[in-house]
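# Structural description and commentary
The residues making up each chain are set out below.
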Amino acid sequence: MFLAWNEAQALEIIRRHDGREGPLLPILHDMQAMFGCVPVEAVSFIASAMNLTRAEVHGVASFYHDFREQPAGRHMLKLCRAEACQSMGGEAVAAKVLKQFGVGWGGTTADGSLTVEATYCLGLCACAPSAMLDGEPMARLDQASVDAIAQEVGR
Amino acid sequence: MRLFVPRDAAARAVGADRIAMALEAEARRLGRTVEIVRTGSRGLFWLEPMIEVETPAGRIAFGPVMPGDVPALFAADFGARHPLHLGRPEELPFLKRQTRITFARCGITDPLSLADYRAHSGGRGLERAKSLGAAKTIEEVTKSGLRGRGGAGFPTGIKWKTVADTAADRKYVVCNADEGDSGTYADRMIMEGDPFVLIEGMAIAGFAIGATKGYIYIRSEYPDAVRVMERAIVLAEAEGLLGAEAKFDLEVRVGAGAYVCGEETSLLDSLEGKRGQVRAKPPLPAHKGLFGKPTAVNNAISLATVPAILAEGGEAYAALGFGRSRGTMPIQLAGNVKHAGLFEAPFGLSLGELVDEIGGGTHSGRPVRAVQAGGPLGAYFPRALFDTPYDYEAYAARDGLIGHGGLVVFDDTVDMARQARFALEFCALESCGKCTPCRLGSVRGMETMDRIIRGERREANLALVEDLCRTLKFASLCALGGFTPYPVMSAIRHFPEDFNRPRLTAAAAE
């Protein structure tokens, strides 16, 4: 579903933000949406297109937790590890998820079907513990939710 | 028949979309015509998914509804004999006790209907501001006593006046919707449930300070809020409420997972396309903010409260509250609490009233042991401090903060040494790296806390953590390093037994 790196698409993204003030974050978001990550090629390309140094662009891309250098698995599960979820046993659910899929935090399953990342608050704190699977919110997580995730990602 | 089903992300997370689909399917099967309106959430999350049906006697609520309940709801004709019948939502004690000003429409209207917005008094604030003029608008906000709802509590009117008085060719309004504190979800709810009120608030701010451009910086963890806000902006532009005619443009910008960008100066750097690093103050953003121009950076809830203040007058708002905390606060009950939800009320309720009476104690049914007030940088309050009134100054006097209004409840299974360690770990994880106390102190604190948990030289290491916290508090550039000592030191002070338990040694060895 993600495209392989290509300059034509990258240029299209940069043009889309022409005239915007401080467009680097929106550009990085769009690059990641298109290519599944912000590849090294993108860093050089953005730098030269925007008259920035590679160090500046790399500095920004690497500062934010969201931007990745390599694409994630086909599905992305973000599990909340913040206090409200902790108070409702979120760490125990998280341990089950990691065990069931055989990954650590930030890891991707061997078949590339799922990446599990930690996140710190999804704003679903009144229905903790919570997570987000491919951008869709999930809350009141329990064993049944873990099974539902497994089914959704086809494992 | 008109049915109302929330589209709020938390309601969706517990199945609201499936309920909406089940209602449609069942209506089709029965050959009945139903109109399903997707609203925001009323904020009674333990009852979500909570649906409502329109009746001559007002709306009647049912919840929490599971897809399997739908056929029986139709069979009972959405009447009182169905076991999930809750009656009129306004009569539910949790809602009845509230004073909804900022959240007056949330959960009631279709968030993307301007007609609904207007029918529920939307737009009156901006109209009144225009008739008053810019200077009087600022006076009205100052008179209301509104203080920054992001946590700092700085008077909004004074901030606006500073920006208004600073001469520049270009000024900005920036809405801080980077609501990263665990236990808070008010910004998310208002953006998903009543986006036009935020747009109106920003338009008023722009008019008052002389800005023609506004940015709403929303965290990437809130994709629903991003979608609703972007759509609402398009709808407002189509009616000339934003754009060239209105002399005010709005744009949504999405964060990228950095907690520290909730700090106003790092948010500005992020908006400029830089690393989200904190700037030293002065200069204040009101003098030199976004792209070096005078900028009013306000929290989403502060801005969403402005329309009601203008519409009803600053004095009416200031008449509510406690001490120097005027008006209402949308308090967010979260975590291990029976009645988790958004409770908007005038300042002054005691912590005990909020947690025990309104919250109904823990969800687990075990005793409440600690409440973290104000997010990951807020203090842990023990039951002994449950008489603390909800007020900026009262919380500060007890070495805590109300922050953005979150209260996270923990039962007696909580291990406070672990919570203290987490606070330092979180600071290390999210530090922007610009100042040394935060960047290094957090890591050093985490290591020291690990030694305490392992039982190594407990007294000496606790003294070291305390010393480190003093450095963090007084030498950090922003609240991330500066306030991390609150959860750490409150845990140590109020729950000393957790820092010296043999079982911790065993747990740490795992």
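Everything numeric in this text was worked out from a predicted model, so none of it was measured.

Along the backbone of chain A there are 7 helices and 4 strands. Tracing chain A from N to C terminus, the helices and strands come up as α-α-α-α-β-α-α-β-β-β-α. Taking the principal axes of the C-alpha coordinates as reference, chain A spans close to 50 × 30 × 25 Å. Considering chain A as a whole, with its 155 residues, one finds that 55% of them fall into the buried category.

Okay, the pattern of salt bridges next. All names here are of chain B. Summed over the entire model, instances satisfying the criterion amount to 52 salt bridges over all chains. Between R366 and D412 there is a salt bridge, with its nearest N and O atoms 2.6 Å apart. Residue R366 is located in the loop between α15 (351–358) and β14 (368–373), and its partner D412 is located in the loop between β16 (406–411) and α17 (416–430); the two are separated by 46 residues in the primary sequence. Under the relative-accessibility criterion, R366 is labelled partly exposed at 41%. Where salt bridges share partners, they join R42, E52, R59, R88, E90, E91 and K96 into one cluster.

The next thing to look at is the interface of chain A and chain B. In this assembly, 38 residues from chain A lie in contact with 63 residues from chain B. Taken together, the two surfaces of chain A and chain B that pack against each other cover about 3,700 Å², and 55% of this comes from carbon and sulfur. Taken as a group, E21, F63 and E83 of chain A account for 19% of the area that chain A buries against chain B, more than any other trio of residues on that side. Taken together, the links from chain A to chain B amount to 3 salt bridges. Measuring nitrogen to oxygen at the nearest pair gives 2.8 Å for the salt bridge that ties E136 of chain A to R12 of chain B. Where chain A meets chain B, there are 29 residue pairs in polar contact (both at pLDDT 80 or more). Elements represented by at least two residues in the side of chain A that touches chain B include exactly α2 (24–35), α4 (54–63), α5 (83–86) and β4 (136–138) of chain A. In terms of residue class, the side of chain A that touches chain B is made up of 21 nonpolar, 10 polar and 7 charged.

Quick look at the nonpolar core now. Counting residues in hydrophobic clusters, the biggest one holds 179 residues, and the most contacted among them are Y64 of chain A together with W160, I216, I218, L407, M449 and F499 of chain B. Sorting elements by how many residues they give to this core places helix α10 (residues 195–209) of chain B first, with 10 residues. Those residues in contact with I218 of chain B that lie beyond four places of it in its chain are A177, M191, A225, V226, M229, V252, R253, V254 and G255 of chain B. If you look at the next biggest cluster of nonpolar residues, it comprises 20 residues, including L23, V53, F74 and L84 of chain B.

This part is about the packing of aromatic side chains. For the structure on display, the rule yields 22 aromatic pairs over all chains. Here the aromatic rings of W5 of chain A and F45 of chain A are separated by 5.8 Å at their centres, their planes lie at 75°, and the arrangement is edge-to-face. Highlighted residues: W5 of chain A in the segment before α1 (7–16) and F45 of chain A in helix α3 (residues 40–50), separated in sequence by 40 residues. Across from the ring centre of Y222 of chain B, 4.9 Å away, lies the NZ or CZ of R219 of chain B, which sits over that ring.

Here we come to the pairing of strand β9 (residues 295–299) of chain B. Residues and elements named next belong to chain B. Counting buried residues along β9, 5 of its 5 residues qualify, which places the element largely inside the surrounding structure. Residue alternation in β9 divides its side chains into two sets, T295, V297 and N299 and A296 and N298, and both sets are buried. Where strand β6 (residues 172–177) and β9 come together, 5 bridges link them in parallel fashion. Each bridged residue has a counterpart across the sheet, and for Y172 the counterpart in β9 is T295.

What follows concerns α17 of chain B. Residues and elements named next belong to chain B. The end-to-end C-alpha distance of α17 is 21 Å, a good match for the 21 Å that 15 residues give at a rise of 1.5 Å each. Within α17, 11 of the 15 residues are buried, which leaves it mostly tucked inside the rest of the structure. Every buried residue of α17 is listed here: M416, A417, Q419, A420, R421, F422, A423, L424, F426, C427 and E430. Where α17 begins, the side chain of D415 points an oxygen toward the backbone nitrogen of A417, at a separation of 3.0 Å.

All names here are of chain B. Two elements in contact, helix α7 (residues 134–144) and α10, have axes whose closest approach is 7 Å; the angle formed by their N-to-C orientations is 120°. Taken as axis vectors, α7 and α10 run oblique relative to one another. Taken as a pair, α7 and α10 cross one another with a handedness that is left-handed. Residues A134, T137 and I138 of α7 touch α10, and the partners they reach there are I204, F207 and A208. Within the contact of α7 with α10, the residues separate by chemical class into 5 nonpolar, 1 polar and no charged.

Moving on, we come to the side chain of E52 of chain B. Residues and elements named next belong to chain B. Among the structural elements, E52 can be located in strand β3 (residues 51–55). By relative accessible area, E52 is classed as buried at 3%. Among the polar contacts made by the side chain of E52, one reaches the side chain of R42 at a distance of 2.8 Å. A polar contact is formed between the side chain of E52 and the side chain of R59, at a distance of 3.3 Å. Non-local contacts of E52, meaning those with residues more than four positions away in its chain, are made with R2, L3, F4, R42, R59, I60, A61, P89 and G107.

By a frequent convention, interface size equals the accessible area lost on bringing the separate parts together. Here chain A is described as being made up of domain 1 (7–63) and domain 2 (75–152). A separation of 30 Å is found between the C-alpha centroids of domain 1 of chain A and domain 2 of chain A.

What follows deals with the sheet that holds strand β13 (residues 341–346) of chain B. Residues and elements named next belong to chain B. If you trace the 5 strands from one edge of the open sheet to the other, you get β13-β12-β16-β14-β15, paired in mixed fashion. Strands at the two margins of the open sheet, each flanked by one partner only, are β13 and β15 (380–382). In this sheet, adjacent strand axes meet at a mean angle of 30° when their direction is disregarded. Sheet analysis places β14 next to β16, joined by 5 bridges and oriented antiparallel. Its bridge partner being in β16, V371 is matched across the sheet by V409. With respect to the sheet, helix α21 (residues 485–494) is in contact with β14 and β15, its orientation differing from that of β15 by roughly 20°.

Calculation notes
Residues numbered from 1 in each chain as written. Chains lettered and ligands numbered in written order. Predicted model: local features only at pLDDT ≥ 70, side-chain atom pairs only at ≥ 80, totals over all residues. Heavy atoms only, no water. Helix = DSSP H or I, 4+ residues; strand = E, 2+ residues; numbered from the N terminus. Buried < 20%, exposed > 50% of the residue type's maximum accessible area, 1.4 Å probe, protein only. Salt bridge = Lys/Arg side-chain N within 4 Å of Asp/Glu carboxyl O. Contact = heavy atoms within 4.5 Å. Buried area = accessible area lost by both parts, 1.4 Å probe. Polar contact = N/O pair within 3.5 Å; in protein donor to acceptor, adjacent residues only side chain to side chain. Nonpolar A, V, L, I, M, F, W, Y, C, P; charged D, E, K, R; others polar. Core = buried A, V, L, I, M, F, W, Y, C linked by side-chain atoms within 4.5 Å. Phe/Tyr/Trp six-rings, centres within 6.5 Å; stacked < 30°, edge-to-face > 60°. Lys NZ or Arg CZ within 6 Å of the ring centre and 35° of its normal. Pairing = 2+ DSSP bridges. Expected span 1.5 Å × (residues − 1). Axes fitted to C-alpha atoms, helices over the stretch in contact; angles between N-to-C directions. Parallel < 35°, antiparallel > 145°, perpendicular 65-115°, else oblique. Left-handed = near helix turned anticlockwise from the far one by under 90°. Domains from an automatic or database assignment.

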